[in-house]
Every structure is written in structure tokens, then in C-alpha cells.
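# An overview of the molecular structure
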Amino acid sequence: MNDHELVLVLDFGGQYNQLIARRVREAKVYCEVLPHNAELATIVNKKPKGIIFTGGPSIAYEEDAPKVDPKIFELGIPVLGICYGAQLTAHLLGGKLEAAENREYGKKELEVATHPIFKDVSTKTTCWMSHTYHVTALPEKYKIIARTDHCPIAAFANDEERIYGFQYHPEVVHTPEGKQMLQNFLYEICDCRGDWVMRNFVEKSIQKLRNQIGDRKVLLGLSGGVDSSVAAMLIHRAVGHQLTCIFVDNGLLRKDEGDMVEQVFTEQFDLNLKRANAQELFLNNLAGISDPETKRKNIGETFIRVFEAEAEKLDGVELLAQGTIYPDVIESGGTHAAVIKSHHNVGGLPDDIKFTGLVEPLRDLFKDEVREVGRELGLPSHVVDRQPFPGPGLAIRVIGDITEEKLVILREADWIYREEIRKAGLQKDIWQYFAVLTGIKTVGVMGDERTYSYTIGLRGVTSLDGMTADWARIPYPVLEAISTRIVNEVKNVNRIVYDITSKPPSTIEWE
Ligand code: XMP
């Protein structure tokens, strides 16, 4: 039995697939993503209230295009196909697809019929189109329920079978009433009630954790990042001091961060936290290393050694906890999902520590839900709304070899940058922002003297998930304040540059 009502998203490899799932969850309905070729039996066993087919880059009538078992339409479960999903639905049920003369791309005016799926949607609204192929003839018993100038069948319906298709993308912000349409599918068509709320999640999880853990001891590597912090709090709520957290301070954190983590979790919440002060060891091991991947590996290996040594000091720990979240585990029909964490999680965990089980209380959650759970648990905003921070920390923001002197410079510059962004009230608009100590020294002049000092690079990006990113248009006066303060207040820096490249072709980090 499901704990919650459930809607399934079948993934056909489109770029917005996780966004669809997030939209469903925002509408308070629990949702899981499965690959498009999931077994019909698996789907039926999950007892979904509805199924959504995502977009994707293929052409539905081609031999090797991703398909579904057409029996899925006979289950009596409502289906909504989006973009490729709509084309596939029409194709499998006897409709016709053709290539449009021109690719239809961008915001289009959409005219919608009176229909429950368009409840509270304006008759003329805007939708986001991105397709070359479109449906030109509908299967029998289907009707058109929305059109654009270039796409006469922009949405279609079979109310008897409860099967629907949208050629456009309701999940993206460029379809301003798309959220309402998805909500209508859930509530008007699938009869959902909306039982996915984080308060219920917290209560149920605590109960589940108590059942799973019993009187055993649990160990968790706490990095101070959002996921491990929220996982720690949740497990602590469930089993208190049966949980031990190991916080490895690698000396590569931002200014005051190590103390902040310790203070929040021990003083504010009384967690059983062991801080391993391994700053010197990490720095010694990194001495003279310039290559980014070698740095990452080196840090990963040192982390394992320190973690192991700390874990050995503990008695009778049987369970290992991790802050794994849903995007880390989605098995995708496309190729994108789960790429981030795999390249990010530094080092992983020691092979030879034997645990009898894993505790992963956030496995079902998206990042924004993890933050909400954190808030429910009373974690402060500077933990819950923390911007992404890479496992190897400042080591990949000091270009070239790492020394304590360079780390001090970088920490100070980064601190000023973050403070000015906060003062300007921009911290929620910029996804990630940080300073980089470039390997370049340049000539400058201060007072009457020539200087030869470091150049600091400032990076600021907007992004949804870190996979792609655009450089943030930080207002000039804010950049000016940051630049002036850094060169005045941080010794050995005489030049500031702002990074104006997007990802791709750049990455967010410089190494
Ligand atoms: P890139 O630089 O690959 O970064 O565009 C995308 C996102 O991932 C973070 N990042 C890392 N996180 N270990 C991590 O835990 C890493 O080695 C690593 N490299 C990049 C980066 O901060 C951004 O949020």
C-alpha cells in the first residue's frame, strides 16, 4: 500500500522531466519518476492515481523511439502526455504525426476550450512550445481542446477514457497557467485530494525511522550541507543520541563555517556530534598539487581515512545514514538524471567499515522539499537555504596549488562578496555565488606604490539544478561595492574580475 496517493511520471528523456515531478509535488501530490520502459506490472502495483508521459527528443513513429506498452491506456488510469508524450499517445492509439514546416519554438498564444483540465485558465493564454513534429490527425473518439496559430491540435482529450495530450510544456514558467492545468489534471481528472505535505512527511518519517532503527546505533557523515543536515535532524528527532554524526573539518570550508556547523548542531539541537579537526592533514596531503582532479581524489581519500579513524572510536554502530535525495536515485529514461551527485560526492565511504543497513530518510524528496522539511524541524535559514557548496570546498576555488595563505585570502574575499550580496537583498535571486583565487598575479598601484598581487574572480550564476547555468546580472553598484571592499580590506589582492560565461560552455566552478 502507498502511504500517499501517487502519480507516476514516465520519463522519455526530455530535459524538463524532473520539473514535471516537482510541479506535481508542489500541487501536494506525491509523484515518482520511472523510466518509460518500466514494466506494466510495476506500474499497476504502485496503484497510481494518474500517469504523465514526459517530453523527449525522439520521433514517436520511428522504430527505435522510446515507447510504452499500449495496454497502459486500458488500465482505467488517467494519462496525460506532454509534448513527445502527447505525440506518442496519439501515434499509439491510431492518430497521425507529421513534421511541421518550421520548428515551433517559444511562447505562443494558446486558445483553450471549456474543459475541466482548463478550469480557471484564461480562454486565451500563453504556452511554451518546443517541437518539430505535431499531431495532424487524432485517434477515433478524441477531440481538440486547445489550439495555437501554428498548431491546430495543441491539446486533445478523450474524456471517456481520461486520456489527454498537451503539445506544449505546462511545467515550465513560460506557460504561466501551466501549473493550474497540471493541478486540474490531478484534482479534476485523477480525483487527487492532495495529501503530500511536509508536516505529514516529518511525522511519518520519524515513525518509520524508529521502526527501522529500533535500539541500534546509527552513524552519519555530516558535512553541514543541506541534505546531510536535514537527514541528521530527522534521525535525531527519531532516535536522539543513538545517532552519532561525524563532521570532518577539512580546513577547506568558508569563513567560520566549521564553528557554525558545530554550534548549530550541538548547542542549539544537542546532537551527538564529533568534530574531526583534520585541517592540517588535508593541507599537508594537498601540498604542491595543482591538478583539479588530483585535488578531488586526494581530498576524497583523506576524507575516508579520517572518517574511518573516527568511526573506529565508536562502539557497536550497525547502521550508516546518508542524505541521499530523490534526484540522486532517479532511474532515468534519459541520460541526465543523477549525474550531479555522482561526480560530486567526494570519495564515497570506506569499503571496509561494515554496516548491517543503510538509513536514507530523504530518498523520496526533491531539494526544495528537503529544505521545507528542514524548516519544519526548526533548522535556521543559514543552514536550510544554504547555497550549494562543493565537497572539495575551497580547494577547487584556489586555482593551482593550495596554501594556508591563499585560503585565508580567498575566505576573506568570499565573505565580503557574500555579505554585500546579502545587504543588496540578492541572495535568493542568485543560485550560487562565490569568489575564486585565480592563479594570476598582476601589477597595480596603491598610494604611491606599485603592487604585484592576486586577482580574485567573482562567480555568480542563476540555475535550476546546476546542470546548466547563466551568469547572474548583478547590478553594477553592487559589483562596485564588492570590488572596492575586497581590494581595500583583503591584503595581497589588487584586482577583481567578474565571470560572464554561462554553463555550458563553462562550468560553475573554475576547477
Ligand atoms: P560545475 O562546476 O560542474 O558544478 O558546473 C555544478 C554544481 O556542482 C557543484 N560541484 C561539486 N560538488 N563536489 C561537489 O560536491 C565536486 O567535486 C563538485 N564540483 C562541482 C558546484 O558547486 C555546482 O553547484
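Our subject in this report is the structure included herewith. Everything numeric here is computed off the predicted structure, so don't read it as measured data.

Where helix 5 (residues 198-213) meets helix 12 (residues 367-376), the closest approach of the two axes is 9 Å, and the angle between their N-to-C directions is 75 degrees. In terms of axis orientation, helix 5 runs roughly perpendicular to helix 12. Only Glu 369, Glu 372, Val 373 and Glu 376 of helix 12 make contact with helix 5, whose side of the interface consists of Met 198, Arg 199, Phe 201 and Val 202. Across the contact of helix 5 with helix 12, the residue classes tally to 4 nonpolar, no polar and 4 charged.

Looking now at the sheet that holds strand 1 (residues 6-11). To summarise the sheet geometry, strands pair through backbone hydrogen bonds and adopt either a parallel or an antiparallel arrangement. On the basis of which strands lie adjacent, the open sheet formed by 9 strands has the order 2-1-3-4-9-8-7-5-6 and mixed pairing. Only two strands of the sheet have a single partner each, and these edge strands are strand 2 (30-35) and strand 6 (124-137). Going across the sheet, the axis of each strand differs from the next one's by a mean of 20 degrees, ignoring polarity. Pairing analysis gives 2 bridges linking strand 5 (residues 96-112) to strand 7 (residues 143-147), with the strands arranged antiparallel. Directly across from Val 112, in strand 7, lies its bridge partner Ala 146.

Estimates place the volume of the second largest pocket at around 340 Å³. Of all the secondary-structure elements, those providing two or more residues to the lining of the second largest pocket are helix 3 (84-92) and strand 6. It is strand 6 that contributes the most residues to the lining of the second largest pocket, 4 residues altogether. Taken together, the residues of the lining of the second largest pocket break down into 6 nonpolar, 12 polar and 2 charged.

Reading guide: rules and limits
Residues numbered from 1 in each chain as written. Predicted model: local features only at pLDDT ≥ 70, side-chain atom pairs only at ≥ 80, totals over all residues. Heavy atoms only, no water. Axes fitted to C-alpha atoms, helices over the stretch in contact; angles between N-to-C directions. Helix = DSSP H or I, 4+ residues; strand = E, 2+ residues; numbered from the N terminus. Parallel < 35°, antiparallel > 145°, perpendicular 65-115°, else oblique. Contact = heavy atoms within 4.5 Å. Nonpolar A, V, L, I, M, F, W, Y, C, P; charged D, E, K, R; others polar. Pairing = 2+ DSSP bridges. 1 Å grid on protein atoms, 1.4 Å probe; cavity = no way out; pocket = protein on both sides within 12 Å on 5 of 7 lines; lining within 4 Å. Points joined across faces, edges and corners; volume = space filled by probe spheres on them.

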